[in-house]
Amino acid sequence: MMRIMGLSVLVGLSLLGGSAVWAADPTAAEVQTNLNYVWTLIAAALVFFMQAGFALVETGFTRAKNAVNILMKNLMDFAIGTIMFWAIGFGLMFGVTAGGWIGTDGFFLSEYKPGGDPWVLAFWMFQVVFCATAATIVSGAMAERTKFSAYLVYSAVISALIYPIFGGWAWGSLYHGGGWLGKLGFIDFAGSTVVHSVGGWCALAGALILGPRIGKYGKDGRPRAIPGHNMPLAALGVFILWIGWFGFNPGSTTAGIKDIAWIFVNTNMAAAAGVLGALATIWTITKKPDLSMTLNGALAGLVGITAGCNNVTPASSVAIGFIAGVLVVFSVLFIDRLRIDDPVGAVSVHGVCGAWGTLAAAIFNAEGFTIHQFGVQLLGVATAFVWTFSLAFILFKIIQATMGLRVSAEEEFEGLDVGEHGLSAYPDFALISEHGTLLPPAGTAKGEYRTANLEYRTAEANK
Amino acid sequence: MMRIMGLSVLVGLSLLGGSAVWAADPTAAEVQTNLNYVWTLIAAALVFFMQAGFALVETGFTRAKNAVNILMKNLMDFAIGTIMFWAIGFGLMFGVTAGGWIGTDGFFLSEYKPGGDPWVLAFWMFQVVFCATAATIVSGAMAERTKFSAYLVYSAVISALIYPIFGGWAWGSLYHGGGWLGKLGFIDFAGSTVVHSVGGWCALAGALILGPRIGKYGKDGRPRAIPGHNMPLAALGVFILWIGWFGFNPGSTTAGIKDIAWIFVNTNMAAAAGVLGALATIWTITKKPDLSMTLNGALAGLVGITAGCNNVTPASSVAIGFIAGVLVVFSVLFIDRLRIDDPVGAVSVHGVCGAWGTLAAAIFNAEGFTIHQFGVQLLGVATAFVWTFSLAFILFKIIQATMGLRVSAEEEFEGLDVGEHGLSAYPDFALISEHGTLLPPAGTAKGEYRTANLEYRTAEANK
Amino acid sequence: MMRIMGLSVLVGLSLLGGSAVWAADPTAAEVQTNLNYVWTLIAAALVFFMQAGFALVETGFTRAKNAVNILMKNLMDFAIGTIMFWAIGFGLMFGVTAGGWIGTDGFFLSEYKPGGDPWVLAFWMFQVVFCATAATIVSGAMAERTKFSAYLVYSAVISALIYPIFGGWAWGSLYHGGGWLGKLGFIDFAGSTVVHSVGGWCALAGALILGPRIGKYGKDGRPRAIPGHNMPLAALGVFILWIGWFGFNPGSTTAGIKDIAWIFVNTNMAAAAGVLGALATIWTITKKPDLSMTLNGALAGLVGITAGCNNVTPASSVAIGFIAGVLVVFSVLFIDRLRIDDPVGAVSVHGVCGAWGTLAAAIFNAEGFTIHQFGVQLLGVATAFVWTFSLAFILFKIIQATMGLRVSAEEEFEGLDVGEHGLSAYPDFALISEHGTLLPPAGTAKGEYRTANLEYRTAEANK
């Protein structure tokens, strides 16, 4: 007879190098602790998956000639974010702090010694995927014109400094009474402000300094739509982000407890209502049920519920999400009118709806609205904006003045894929330029990209 | 030293607004309850992900010019389904009922009060993703010719009424002795009938009333293949559905218990066997190992095992899945011969194989086959057909007579993406028409779509 | 009032046909066992998802004309693998063995009787997805020129014999003291050698015997890049593989215990460092930050940490992953110089980095480096190579001599999608040939594929 049954747990452990022994008779508290690990880490995996979601949304909403560049940036900000948050960020965010301003230990996961309590590892794993979420939001707003090397520098700085320091103000306090915002009672359960607004305001600074893409605004100053090149990818990205949020919000308990049900339902309600809010708004305005706006509505609802997912009712979640969905449409149109070119709407989705969600956590608080709480939320929202926008602005200005932030006009025209990466995302497909002409295939000499040779309208005229 | 370790659980809870206190010394039963929450909600997240799977399968199996429309419908039926099932459906399905016909309370999740037992929320979350699965099945069968606004109405009605009322007959009884089918001993563990056949028979009614796509049947009445435009998306969709089913079937325990292993294995066996069954069949018939049929074989196997996943052996699961794979091929060919145009095979996969799976749960019952059980299964299958097909037929007829169900021939020719949504799914790609001509790029004037100007064969003739 | 709350567990169980009764008062050990099931099966689902990841990476890295074929092979090796591992492989790998060479019972999951302890089912589910991972690695290296029917035969043999027998030598011993490599103390926690090198060396044998794709090496013998046709799919595939690895490595505990945190962090560290290692290397060599190499860097890091994920520190994981990232670039270039055509770099990623990871588990052992352990690792690496490469070589030679291994040159030129499957992956898109010409649409007569008629350069010259 086979002898594998019942021994598996022992087996798993026998590989641990003897550092662990199986408690033949664990206590219920020990099992609950194990469950907390399992839940927190599965949630971390789901939040990690959001990296794929962002990559697809940003790729789908921009042009084919920049797809490799967007994918590369999304991959790199997670890789760089992992290393920087391990080396620096986590310590600044959660280390011991005097005065609640900045952590001073725990760098390189130095707290953990093999054989010690591994909770810090589970917690770090959950936090690093949050840090990377904040970082990745920016790439969409700066898409199609940013130098790749400049983006790498930016990624390192947000992961090591901008995100963790603000995060420590809000969340660090939970652990050692240190973060000053947290001590004031700031509610941001899963990061409408800490993650999304921080990402959104960095994105705003970047988009402002970069300036719009060539051709985005006509000579009359009116915005021109530059449609995204792959709607199925964008839609898949939103579905992936939605499931990722089932880790993002409920996982923020970092404990496998009943309360996650409440957070799950609120998260889903707000997303669904965000879809409806955005659809109703854009349909009314443009008379067309636009897919990209509706997809952004889902994200708006999700960002909006993130702060209050644990202290509002399902019905309130519907309201919060619906309003976020309406808001994101007006915000996108407004920012476009300001001639700030944000190709994917990241500032609106994450910055604006993050702020809305943070205020909504006070407005719809199931324990009752108080002016004091609203004031604290407002302070948190304002602080996030001032801190993040200022630092990101300075950072991008320094990059601009030194290594350069934007690619050349020629490279932007040709696409960053060829210019930065020497690669086309779709070499087997016939692509068309914005002027309705067929582009020569990738791999032909660089100059040929500018003389696309099969003009539809000419051909038609010759018929 | 950092002080985050060991405090995390407390931290998570300190954010709950004081409504929860951490049991320093939980009982084993309390930990099991927490595990049930964690498992049920992770399973719900996996089932949610099936929405992405359906969106990709349906998009991949239809034409590029309708991709935005399909994605939009898949997004909308989940958003609308969430709100309708919250407001109405869940109460009809699981509320208190006299006589087992229809629930009468629990609307708007009114059972739950903040601070109360949140199980109803976890349970609702798992049920809403099932409801949305039934709804989304229909969009594939009605693809490429249905008015977007009509689809929204349909989505609301299936989520609020058609699905929940039948669901209550089969599953409501489990909770309060109410559903008449459940009381008879109807076996449908995870919904071969309740979810899949219901979706499939709605799809049949819709496809029948809509009529075939233009060009689907030649002047001689013979079916013409209209190939799907993106096989990688379709294949990815099937992989996503497969993993989603690991939530769908084992999650239907709504408890984190050993039995999920048995259900996992059965689910996987049937899917694999479905692939082999469909491949063998189509290869024999057409002499080519066709990808789209084989992908449908995986889904057929999964639908087929859904009813009996908890009461048949792994070997029986292989048989059930293989037969489902064979069946789906013949069913697709047969329905095509009836001139019912179901672009993705939804009626065959979900309707026919759902019925097969429900009968198979009796035929392969590990506790022995009985005529009585088979009769009950047959009754359930027949009831689902009569209820669902009739209601859906009436519904679509009403929509047809009032707001209209089908787009104009002109819009159908141009594609619903431009006509309904003002957007192209792939604006950077050169697309070709069904007549082998290059289409002018999106954004050119509407009329130009009809005069695609680069005729391959002409060009060749001129060489 | 609704009566669903609190009854759900009972409900789930009431469907089990009476074979299970709910322990009203479970012990903590029973709850831990349930948690082990939940974790192991969720991990299995994540590893299953890697099938989608491999399918996308391989599809994205090859040409559009072979996409259907690659997807089909990825689907089939999982379907066939499931059935073969159930019928034969699992018994050979984990059955009772005399001498540690080969298991002799447990075929068709015969150990399990309904109502018995279902652990063997959970364990099988986790193992079958590992087996399928080894099998699927090969399809990438043999892409774009292998006969579909030949691939089916190969899939059956690796799943039934090659993988399980070697796997039993390394892992079978854990369960019943049988596997001779395991008894020597071979460290391969999650399968750098057992899964990845085995897959990689099969891939090497296949690529060698097949020979390069037409056009891969110029008349001067220098390699020519054949770029992959869809970078977003490839990148998505890597993200999916990355999340899948959070099941692959931590799930190998097959127990829901604290140690998974350590493994999660190590896995993520190595992947991130692999990205950086590969990027730095390729950027230095070619002066361009190449996406496909960087994506392979992530996979290299993941493969590299798989053996030692449970016995090295996070800092060591960074080193292991970074070195793997460097290694994979040089290995790809080296294998290309040997004129072995591996379209996706599978031999380098899985074979070479798998070997590296296995040695690294001794080099970076947190409990200290010993020559003896290093020797055992080396023995394991060498054994895997000799066993796998030899058998795979013989197998492919037999296939070649009997049914044929490679498609005709004509079919290779036209693409395997049309030749083998009668289907195009992208019928609505205008595709271009490698010579920069537009291809006629799918569905036109076969011969037309060879006379693509719109030559860009000609058109340009005529302007």
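These figures come from a predicted structure and were not determined experimentally.

### Some thoughts on the environment of Gly 345 of chain C
Thinking step 1. Looking at the element boundaries, Gly 345 of chain C is found in the loop between α11 (314-337) and α12 (346-363).
Thinking step 2. A sequence separation of 102 residues divides Gly 345 of chain C from Ile 243 of chain C, and the C-alpha atoms of the two residues are 20 Å apart.

### What to know about a nonpolar patch on the surface
Residue and element names in this part refer to chain A.
Thinking step 1. A surface patch of nonpolar side chains, about 260 Å² in accessible area, is lined by Ile 285, Phe 330 and Leu 333.
Thinking step 2. Tracing the backbone shows Leu 333 in helix α11 (residues 314-337).
Thinking step 3. The exposure class assigned to Leu 333 is partly exposed, which follows from its relative accessible area of 32%.

### Thoughts on helix α4 (residues 119-141) of chain A
Thinking step 1. Here α4 of chain A spans 35 Å end to end across 23 residues, near enough to the 33 Å set by a 1.5 Å rise per residue.
Thinking step 2. Most of α4 of chain A sits inside the fold, with 23 of its 23 residues counted as buried.

### Remarks on the relation of the copies chain A and chain B
Thinking step 1. The transformation that overlays chain A on chain B combines an axial shift of 0.0 Å with a rotation of 120 degrees, and the residual RMSD is 0.0 Å. Here the transformation between the copies is reduced to the relation of a three-fold axis. Rotation axis and chain A: the residue whose C-alpha lies nearest the axis is Ala 28 of chain A, separated from it by 2.8 Å.

### Here we look at the interface of chain A and chain B
Thinking step 1. In this assembly, 82 residues from chain A lie in contact with 89 residues from chain B.
Thinking step 2. Buried area between chain A and chain B, summed over both chains or domains, comes out near 7500 Å², and the portion from carbon and sulfur atoms is 77%.
Thinking step 3. Scanning the region where chain A abuts chain B turns up zero salt bridges.
Thinking step 4. Joining chain A to chain B, the criterion identifies eight residue pairs in polar contact (both at pLDDT 80 or more).
Thinking step 5. Ranked by the residues each element gives to the side of chain A that touches chain B, the list is headed by helix α9 (residues 259-286) of chain A, at 13 residues.
Thinking step 6. Residues of the side of chain A that touches chain B, tallied by class, amount to 54 nonpolar, 17 polar and 11 charged.

### Concerning the confidence of the model for chain A
All names here are of chain A.
Thinking step 1. Taken as a whole, chain A shows an average pLDDT of 89; of its residues, 88% reach a score of 70 or greater.
Thinking step 2. Note on residues 1-22: pLDDT under 50 across the span, and 48 contacts to partners over four residues away in sequence or across chains.
Thinking step 3. In the model output, the complex is listed with pTM 0.94 alongside ipTM 0.93.

### Quick notes on unusual backbone geometry
Thinking step 1. Here the phi dihedral of Glu 144 of chain B falls at roughly 75 degrees; this positive angle occurs in a residue that is not glycine.
Thinking step 2. Relative to the elements of secondary structure, Glu 144 of chain B occurs in the loop between α4 (119-141) and α5 (148-176).
Thinking step 3. Here Arg 339 of chain C, not a glycine, exhibits a phi torsion of approximately 60 degrees, which is positive.
Thinking step 4. Within the element layout of this structure, Arg 339 of chain C appears in the loop between α11 and α12.

### Focus: the pattern of salt bridges
Thinking step 1. Scanning the entire structure with this criterion turns up 15 salt bridges over all chains.
Thinking step 2. The salt bridge involving Glu 412 of chain B is made with Arg 406 of chain B; its shortest N-O contact spans 2.8 Å.
Thinking step 3. Between Asp 336 of chain C and Lys 216 of chain C there is a salt bridge whose closest N-O contact spans 3.6 Å. One end of the pair, Asp 336 of chain C, is in helix α11; the other, Lys 216 of chain C, is in the loop between α7 (192-210) and α8 (231-248), and 120 residues separate them in sequence.
Thinking step 4. Judged by relative accessible area, which is 7%, Lys 216 of chain C ranks as buried.
Thinking step 5. Salt bridges sharing common partners tie together Arg 63, Glu 144, Arg 213 and Asp 341 of chain A.

### Points about the packing of helix α8 (residues 231-248) of chain B against helix α10 (residues 291-306) of chain B
Residues and elements named next belong to chain B.
Thinking step 1. Where α8 contacts α10, the axes come no closer than 10 Å and their chain directions differ by 10 degrees. Overall, the two elements α8 and α10 adopt an arrangement that is roughly parallel. The way α8 lies across α10 gives a crossing that is left-handed. Listed contacts from α10 to Met 231, Ala 234, Ala 235, Val 238, Leu 241, Trp 242, Trp 245 and Phe 248 of α8 are Leu 291, Leu 295, Ala 298, Leu 299, Leu 302, Val 303 and Thr 306.
Thinking step 2. Broken down by class, the residue content of the contact of α8 with α10 amounts to 14 nonpolar, one polar and no charged.

### Some words on the relation of the copies chain B and chain C
Thinking step 1. For the pair chain B and chain C, the superposition axis carries a translation of 0.0 Å, the fit reaches an RMSD of 0.0 Å, and the rotation angle comes to 120 degrees.
Thinking step 2. Residue by residue, only 13% of the interface of chain B is reproduced at the interface of chain C, so the copies engage with different surfaces.

### Some words on the packing of aromatic side chains
Thinking step 1. This model, assessed by the stated rule, comprises 105 aromatic pairs over all chains.
Thinking step 2. For the pair Phe 85 of chain A and Phe 90 of chain A, a centre-to-centre distance of 5.8 Å together with 65 degrees between the ring planes defines the contact as edge-to-face.
Thinking step 3. Residue Phe 85 of chain A is classed as buried on the basis of its relative accessible area of 0%.
Thinking step 4. For Phe 90 of chain A, a relative accessible area of 1% puts it in the buried group.
Thinking step 5. Ring centres 5.1 Å apart and planes at 80 degrees place the aromatic pair Trp 201 of chain B and Phe 385 of chain B in the edge-to-face group. Taken together, the residues Trp 201 of chain B in helix α7 (residues 192-210) and Phe 385 of chain B in helix α13 (residues 371-401) connect sequence positions 184 residues apart.
Thinking step 6. A relative accessible area of 9% means that Trp 201 of chain B is categorised as buried.

Here is what the cut-offs are and how they apply
- Numbers given to residues run from 1 along each chain, matching the order in which its sequence is written.
- Note on labels: chains are lettered from A, ligands numbered from 1, in written order.
- pLDDT decides what is reported in this predicted model: residues at 70 or higher carry local features, side-chain atom pairs at 80 or more are listed and counted, and totals for whole chains, interfaces and linings draw on all residues regardless.
- Heavy atoms throughout the structure, all of them, feed into the side-chain values; hydrogens and water do not.
- A run of H or I in DSSP counts as a helix once it spans at least four residues, and a run of E counts as a strand once it spans at least two, with each numbered from the N terminus.
- Each patch is built from residues lacking any salt bridge and having more than 30% relative accessible area; the joining distance is 9 Å for like charges and 5 Å for nonpolar side chains (Val, Leu, Ile, Met, Phe, Trp, Tyr).
- The protein chains shown are the only cover counted for residues, whose accessible areas, like all others here, come from Shrake-Rupley with a 1.4 Å probe.
- In what follows, salt bridge is the name for a side-chain nitrogen of Lys or Arg lying within 4 Å of a carboxyl oxygen of Asp or Glu.
- Exposure is judged per residue with a 1.4 Å probe applied to protein chains only, and the accessible area is read against the type maximum: over 50% gives exposed, under 20% gives buried, and values in between give partly exposed.
- One less than the number of residues in a helix, times 1.5 Å, gives the span that helix is expected to have.
- What sets the superposition is a least-squares fit of C-alpha atoms, and only residues with pLDDT of at least 70 in both copies go into it.
- Note on contacts: a residue pair qualifies if any of its non-hydrogen atoms lie within 4.5 Å across the two residues.
- Once two parts are brought into contact, the accessible area they lose, counted with a 1.4 Å probe and summed over both, makes up the buried area.
- For the purposes of these results, a polar contact is taken to be a pair of N or O atoms within 3.5 Å, where, inside protein, one atom must be able to donate a hydrogen and its partner to accept one; residues adjacent in sequence count only when each atom of the pair is a side-chain atom.
- When residues are sorted by character, Ala, Val, Leu, Ile, Met, Phe, Trp, Tyr, Cys and Pro go into the nonpolar class, Asp, Glu, Lys and Arg into the charged class, and all the rest, Gly among them, into the polar class.
- The quantity known as pLDDT measures the predictor's confidence residue by residue, on a range of 0 to 100.
- Simply put, an axis is a line fit to the C-alpha atoms, just over the touching stretch for a helix, and the angle between two N-to-C directions goes from 0 to 180 degrees.
- Reported orientations rely on four angle classes, namely roughly parallel under 35 degrees, roughly antiparallel over 145, roughly perpendicular from 65 to 115, and oblique for the rest.
- Helix crossings fall into two classes, left-handed where the near helix is turned counterclockwise from the far one by less than a right angle and right-handed where it is turned clockwise.
- For Phe, Tyr and Trp, rings pair up if their centres lie within 6.5 Å, where Trp contributes its six-membered ring, and each pair is then called stacked (planes under 30 degrees apart), edge-to-face (over 60) or tilted (otherwise).

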